[in-house]
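# Structural features, examined
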Amino acid sequence: MKILLIIRSLDVGGTETQIAQLARGLARRGIDVRIAVFYTGGVIEKQLQTHSIQVTNLNKGGRWDIAMFTLRLRKLIKSYEPDVVYGFLTESNLCALLCKLFSRKVVVAWGVRASISDIRIRKYDCFVLIEYVLAKLLSRFTDLIISNSLSSKQFHEKAGFKPPLYYVIENGVDTDRFRKARDLGEALRRELSIRQETKLIGLVARLDPIKDHKTFIEAASILYKKRSDVMFMCVGTGSSQYQRVLIEEVNRKQLTEAILWLGERNDMVRVYNALEINTLCSLSESFPNSVCEAVSCCVPCVVTDVGDIAAIVGNAGIVIGQKKPDELAAAWSELLDNKSFDREKILDQARERLKNRFGVEFMVDRTIEVLFKH
């Protein structure tokens, strides 16, 4: 069996991480797997080289490189002859559908991941909107669509996506890697000169308005005025312009000494284990990796009620409404002060539930079952 996975690039990101985990899992099961990228050089692409996963660069020359890009894709399909082509996200999904023109036998699967329309939040250009409309119209010509959350499936069905078959396969978390290791967290805290008694509250997310860092900053201001034993940490990269806006807000709130900006990290096990509380206050999500990883590291979470987050967190944290900094600050305070919260027992149980329900091996097995039964 041969499967070709298509993605724009393999830079750091939730979808890209899932593709890497899926590719490694498929290879472990003896399936011939290859990844095609539009643009080469991503961090995760380099990591896959150590696992002998072949990545083919389609060498897209930009938005309007269509004819030559299509010829390169056709050449890859003719030479590799995959049984399945599995795209991820709109642009890659449309390219995956092109493969039906090059091979009659190929099964085309789309991976879709959004749970609500965030066009109002992000300022997309008309090209992105055209892609979305095309995907909706052409979805009936796929063989199947796979969403990574029930909320994503429901959203796309309501929006008018009509594939012959539609499945939900949640993201898989690598519980062998993401584990409770407080010694690693303490080592990072020492490197960052964070005192042992300080309660560290983190937000692991790319710098994007949809992650609503502004609510995080407002809530941090509220809590910081009430107690001096807290600090906050933002992990992730994104638009430098947006980061400047956020830093200006931090300065206005006089939180410069209270909030750390760590940028992109490759030691996320240490990051999670350094936290007292993990936070995700997004306006939209489908099935966020950062929450899965934090729960797997036995760190309680405060999250907004979007996508399938509540199902991930269970009783290992608190779910709040969107854009509610007062609620967020109160939830942090409750977790920090609640003496009846049997932290170790509850979090150990949450981790075990996560492993059984959302483990990476289950995700890989379910993907094989869905893709290769056609």
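As a starting point, this report considers the structure included with it. (Residues numbered from 1 in each chain as written. Predicted model: local features only at pLDDT ≥ 70, side-chain atom pairs only at ≥ 80, totals over all residues. Heavy atoms only, no water.)

### Section: the packing of helix α1 (residues 14-28) against helix α15 (residues 360-371)
Where α1 meets α15, the closest approach of the two axes is 9 Å, and the angle between their N-to-C directions is 70 degrees. As far as their axial angle goes, α15 and α1 are roughly perpendicular. The segment α1 lies against α15, with Gln18, Gln21, Leu22, Gly25, Leu26 and Arg28 engaging Val360, Glu361, Met363, Val364, Thr367 and Ile368. Partitioned by chemical class, the residues of the contact of α1 with α15 number 6 nonpolar, 4 polar and 2 charged. (Axes fitted to C-alpha atoms, helices over the stretch in contact; angles between N-to-C directions. Helix = DSSP H or I, 4+ residues; strand = E, 2+ residues; numbered from the N terminus. Parallel < 35°, antiparallel > 145°, perpendicular 65-115°, else oblique. Contact = heavy atoms within 4.5 Å. Nonpolar A, V, L, I, M, F, W, Y, C, P; charged D, E, K, R; others polar.)

### As for the environment of Leu5
Among the secondary structure elements, Leu5 is positioned in strand β1 (residues 2-7). The exposure class of Leu5 is buried, given its relative accessible area of 0%. As for Leu5 and Ala96, which are separated by 91 residues in sequence, their C-alpha atoms are 8.8 Å apart. When residues no more than four places from it in sequence are discounted, the contact partners of Leu5 are Ile19, Leu22, Ala23, Val33, Arg34, Ile35, Ala36, Tyr86 and Phe88. (Buried < 20%, exposed > 50% of the residue type's maximum accessible area, 1.4 Å probe, protein only.)

### Considerations on the nonpolar core
Counting 66 residues, the largest nonpolar core has Phe232 and Trp332 as its most contacted members. If near-sequence neighbours (up to four positions away) are discounted, Phe232 is found in contact with Leu200, Ile201, Phe216, Ala220, Leu223, Tyr224, Ala258, Ile259, Leu260 and Trp332. By size, the runner-up hydrophobic cluster in this structure holds 32 residues, among which are Leu10, Leu48, Ala109 and Leu144. (Core = buried A, V, L, I, M, F, W, Y, C linked by side-chain atoms within 4.5 Å.)

### As for the sheet that holds strand β4 (residues 84-88)
The 7 strands lie next to each other as β3-β2-β1-β4-β5-β6-β7, forming an open sheet whose pairing is parallel. The open sheet has two edge strands, β3 (54-57) and β7 (166-168), and neither has a second partner. Along the sheet, successive strands turn relative to each other by an average axial angle of 25 degrees, direction set aside. In terms of strand pairing, strand β5 (residues 107-112) meets strand β6 (residues 144-147) through 4 bridges, oriented parallel. Counterpart to Val112 in the pairing with β6 is Ser147. In this fold helix α6 (residues 150-159) packs onto β5, β6 and β7, with an angle of close to 155 degrees to the strand it touches most, β7. (Pairing = 2+ DSSP bridges.)

### Section: the pattern of salt bridges
Inspection of every chain in the model, using the stated rule, returns 21 salt bridges. For the salt bridge of Glu91 with Arg8, the shortest nitrogen-to-oxygen distance reads 3.4 Å. Of this pair, Glu91 sits in helix α4 (residues 90-98) while Arg8 sits in the loop between β1 and α1, and the two are 83 residues apart along the sequence. With its nearest N and O atoms 2.8 Å apart, the salt bridge here joins Asp267 to Arg265. You can call Asp267 buried: its relative accessible area is 15%. (Salt bridge = Lys/Arg side-chain N within 4 Å of Asp/Glu carboxyl O.)

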